[in-house]
Structure formats: structure tokens, C-alpha cells
Amino acid sequence: MNVLVLDLDDTLVDDTLATRESVTAALTSAHIATDPTVIDNAFTHIRKMWSRHPHRRTGPLAAVSGWEALWLPHEGSGLPAAVDGSLRVYETQVWTTIIESMHGDPTQAPAAARAFRAYRRGALRLLPGVEDGLESLRKDHALWVATNGLPAQQRMKLAATRLTPIFDRVWISGEVGAAKADPAFAAALQRAVRQNGQKICFVIGDSATQDLALAGNGSWPAAHICRNQTCSVEVPAEAAVAHAAALDQVDLVCGCARTTSPSA
Ligand SMILES: [Zn+2]
Ligand SMILES: [Zn+2]
């Protein structure tokens, strides 16, 4: 069977909303009243502090976001002890800074860090339409997932949402050694499909800078998941990009379905 390459975060598994909820839970645990502006400000601190982190570009951390760095697994992360230690310090510093910016009690930072981790783990869930969408897509295609992040964390997300057995292959930037937007990532996928005598029919994902870039680098058609009714992503005229509001609305025009014998 030919291959579909799917993104993980915010294509299959809720990331943005789950993270906002988790920041809210962390600040509530530190007795800070939240509203959307408070949460936006928290994200500004997280982005700024992560951009200045000394290990921001170290190995597999290169494609990890500041909010993911707040709940990276310590077990099996494969990170050197010094790097892991600096991430623990980062976690407390981030929550201290956010709490202080809200004139809260900075001694609550460790509790906020723990609350964020616990809530974020519990908020792992599939997005609407994903279960039905995957069921339909896997009838005529082998499914590969391609994701940026720390391998231990991305594999944990797949396991917690029961996606692990759905995928024939898992491609994680931290293992490939390149982010999805890097031509080296597309080249790795291209080598693998050629070895198997397959082809990639579509890259499916929500990110213009990563998923559509991956599709462009491999000259593969793409399906852009855009939950907003109007898509603001601009793509080059020669790029083959379809748009869908959810995974169960992706319309594959690759023709693979017709080659499959109908089930009894
Ligand atoms: Zn779109
Ligand atoms: Zn196909």
C-alpha cells in the first residue's frame, strides 16, 4: 500500500487548547485568577525564556517548544544529566517568573510546575474527527506519523492516545536528526518509501511552516488541516494543497482506493 504521512500535534492530538487549559490549571493551583490575557502573557514568558535557554538548540531539543519543555519526561529522555538538570531548573524559573509577573507568591512555583505536568498529561486526547478519519484513511494506505519533538515525549503521546498500533512507521525529528521542514527529513522519508517500493500520496498536517514545507521538499501533495473556516495560509501556485476542516473531511484524490478489492 502507498503511504500517507500525518502530523501529530494539533493534527491528531490536541496541543494548543490542551496546553492553554494546563497553564490555567497551573496558575489556579498557585492561587492566581486567570483570563485569556493572563494566559497569553504566560505564553509570552514561556517563549521568551525558552528562546534564551542554553540548551534550546541541543540535539533533540531543537524542535521542542517552550511549553513542551515544561513537561518533558525525565525517564528515558536520552538527554545528558546536565541537560536534564537545566530543564528542571527552567521549569521552576518559568513558573516563578509567570507567578511574579501576576504578583503572586513565587514559592508556589514548584506546585504550579507539578500541576502543569499532571494536567497536561491528563489532557492528552484526540481532536474531533480523528478517530473516524484514521479509520477511513488506513483502509487503502499505510500510515506514517511525522512529528517534531523529543522522541520519548512524542511516543508517550502516541501511546496515551492509543495511536501507536495505527502507524506503520514513526518519524520523530529527534531521531531523524532534522526538523520536518528540513530537506533532510523529506529525504529520509523518500529513501524509506523507495526501499519499500511504495510512494507517498499525501502529507497531512496543520502547520504551514512544517507540514506544508515537508510536502514541498518531497514534492508530495498535501492536505492542510485548517480548523478555521477561512484558511490564511498562502501556498505557492504550483503546490498541490487541499484544505480540510478536520481529519475525517480530508478528500484523497490519489486513486489508491480504486485499486483495493472491495471487502465482502
Ligand atoms: Zn488550509
Ligand atoms: Zn494513495
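Draft legend 1. Up close: the packing of helix α8 (residues 183–196) against helix α9 (residues 208–218). Interaxial distance between α8 and α9 falls to 9 Å at its minimum, and their mutual angle equals 60°. Classified by the interaxial angle, the pair formed by α8 and α9 is oblique. Between α8 and α9 the crossing geometry is right-handed. On α9, the residues that touch Pro183, Phe185, Ala186 and Gln190 of α8 are Leu214, Asn217 and Gly218. Of the residues that constitute the contact of α8 with α9, the class distribution is four nonpolar, three polar and no charged.

Draft legend 2. Highlighting the pairing of strand β5 (residues 222–225). Residues Ala222 and His224 of β5 are buried on one face, and the alternating residues Ala223 and Ile225, pointing to the opposite face, are buried as well. Relative to β5, strand β4 (residues 200–205) runs parallel, the two being bridged by three bridges. Considered in β5, the bridge of isoleucine 204 is made with alanine 223. Handedness of the crossover joining β4 and β5 through α9: right-handed. Sheet analysis places β5 next to strand β6 (residues 241–244), joined by four bridges and oriented parallel. Directly across from isoleucine 225, in β6, lies its bridge partner alanine 244.

Draft legend 3. Fine view of the coordination of the zinc ion (ligand 2). Only His141 (NE2), Cys201 (SG), Cys254 (SG) and Cys256 (SG) from the protein coordinate the zinc ion (ligand 2), and they sit 2.0 to 2.2 Å from it. Around the zinc ion (ligand 2), the four donor atoms are arranged such that angles at the metal cover 99 to 118°; this shape is classified as tetrahedral. Counting along the primary sequence, the residues that act as donors to the zinc ion (ligand 2) give the motif H-x59-C-x52-C-x1-C. Here histidine 141 is found in the loop between α5 (130–137) and β2 (142–147), whereas its partner cysteine 256 is found in helix α10 (residues 256–259), with 115 residues between them in sequence.

Draft legend 4. Seen up close, the nonpolar core. Membership of the largest hydrophobic core comes to 57 residues, with the highest contact counts inside it found for Leu6, Leu12, Trp95, Ile204 and Leu247. Sorting elements by how many residues they give to this core places helix α3 (residues 81–101) first, with seven residues. Here this core gathers at least three residues from each of two domains, domain 1 (3–14 + 126–257) and domain 2 (16–122). Sequence-distant contacts of leucine 12, that is, excluding residues within four places in its chain, are made with Leu6, Asp7, Arg125, Leu126, Leu127, Val130, Leu134, Leu163, Phe167 and Leu247. One finds Val3, Val193, Val203 and Leu212 within the second-largest nonpolar core, a separate group that totals 19 residues.

Draft legend 5. Main features of the sheet that holds strand β3 (residues 169–172). Pairing is parallel across the open sheet formed by six strands, whose spatial order is β3-β2-β1-β4-β5-β6. Edge positions in the sheet fall to β3 and β6, since each of these pairs with one other strand and no more. Across the sheet, the mean angle separating the axes of adjacent strands is 20° when strand polarity is ignored. Where strand β1 (residues 3–6) and β2 come together, four bridges link them in parallel fashion. Of the residues in β2, the one forming a bridge with valine 3 is alanine 142. Contacting β1, β2 and β4, α5 crosses the sheet at an angle of about 160° to β1.

Draft legend 6. Structural view of the packing of aromatic side chains. In the structure shown here, the tally under the stated rule is four aromatic pairs. Measuring from centroid to centroid gives 5.4 Å for phenylalanine 43 and tryptophan 67, while their planes differ by 70°, and the two rings are edge-to-face. Highlighted residues: phenylalanine 43 in helix α2 (residues 36–51) and tryptophan 67 in the loop between α2 and α3, separated in sequence by 24 residues. Residue phenylalanine 43 shares its accessibility class with tryptophan 67, and that shared class is buried.

Draft legend 7. Structural view of the pattern of salt bridges. One pass over the structure, following the stated rule, counts 12 salt bridges. A salt bridge links aspartate 40 to arginine 20; its shortest N-O distance comes to 2.9 Å. Remark: arginine 20 occurs in helix α1 (residues 16–29) and aspartate 40 occurs in helix α2; sequence separation between them is 20 residues. We note a salt bridge from arginine 125 to glutamate 21, for which the minimum N-O separation is 3.1 Å. Here glutamate 21 lies in helix α1 and arginine 125 lies in the loop between α4 (109–122) and α5, a separation of 104 residues in the sequence.

Draft legend 8. Here's a closer look at α9. Along α9, the residues classified as buried are Asp211, Leu212, Leu214, Ala215 and Gly218. For α9, the angular spread of buried residues about the axis comes to 145°, placing them on one side. In α9, those exposed residues whose orientation departs by more than 90 degrees from the buried face are Thr209 and Gly216. Where the residues of α9 are buried, they touch β1, β2, α8, β4, β5 and β6. Within two residues after α9, serine 219 carries a phi angle of roughly 55°, on the positive side.

Procedures and definitions
- Residues numbered from 1 in each chain as written.
- Chains lettered and ligands numbered in written order.
- Predicted model: local features only at pLDDT ≥ 70, side-chain atom pairs only at ≥ 80, totals over all residues.
- Heavy atoms only, no water.
- Axes fitted to C-alpha atoms, helices over the stretch in contact; angles between N-to-C directions.
- Helix = DSSP H or I, 4+ residues; strand = E, 2+ residues; numbered from the N terminus.
- Parallel < 35°, antiparallel > 145°, perpendicular 65-115°, else oblique.
- Left-handed = near helix turned anticlockwise from the far one by under 90°.
- Contact = heavy atoms within 4.5 Å.
- Nonpolar A, V, L, I, M, F, W, Y, C, P; charged D, E, K, R; others polar.
- Buried < 20%, exposed > 50% of the residue type's maximum accessible area, 1.4 Å probe, protein only.
- Pairing = 2+ DSSP bridges.
- Right-handed = clockwise from strand over helix to strand, strands pointing away.
- Donors = N, O, S within 2.8 Å, 3.2 Å for Na, K, Ca; no water.
- Tetrahedral: all angles 85-135°; square planar, octahedral: opposite > 155°, others 65-115°.
- Core = buried A, V, L, I, M, F, W, Y, C linked by side-chain atoms within 4.5 Å.
- Domains from an automatic or database assignment.
- Phe/Tyr/Trp six-rings, centres within 6.5 Å; stacked < 30°, edge-to-face > 60°.
- Salt bridge = Lys/Arg side-chain N within 4 Å of Asp/Glu carboxyl O.
- Arc of directions from axis to C-beta.

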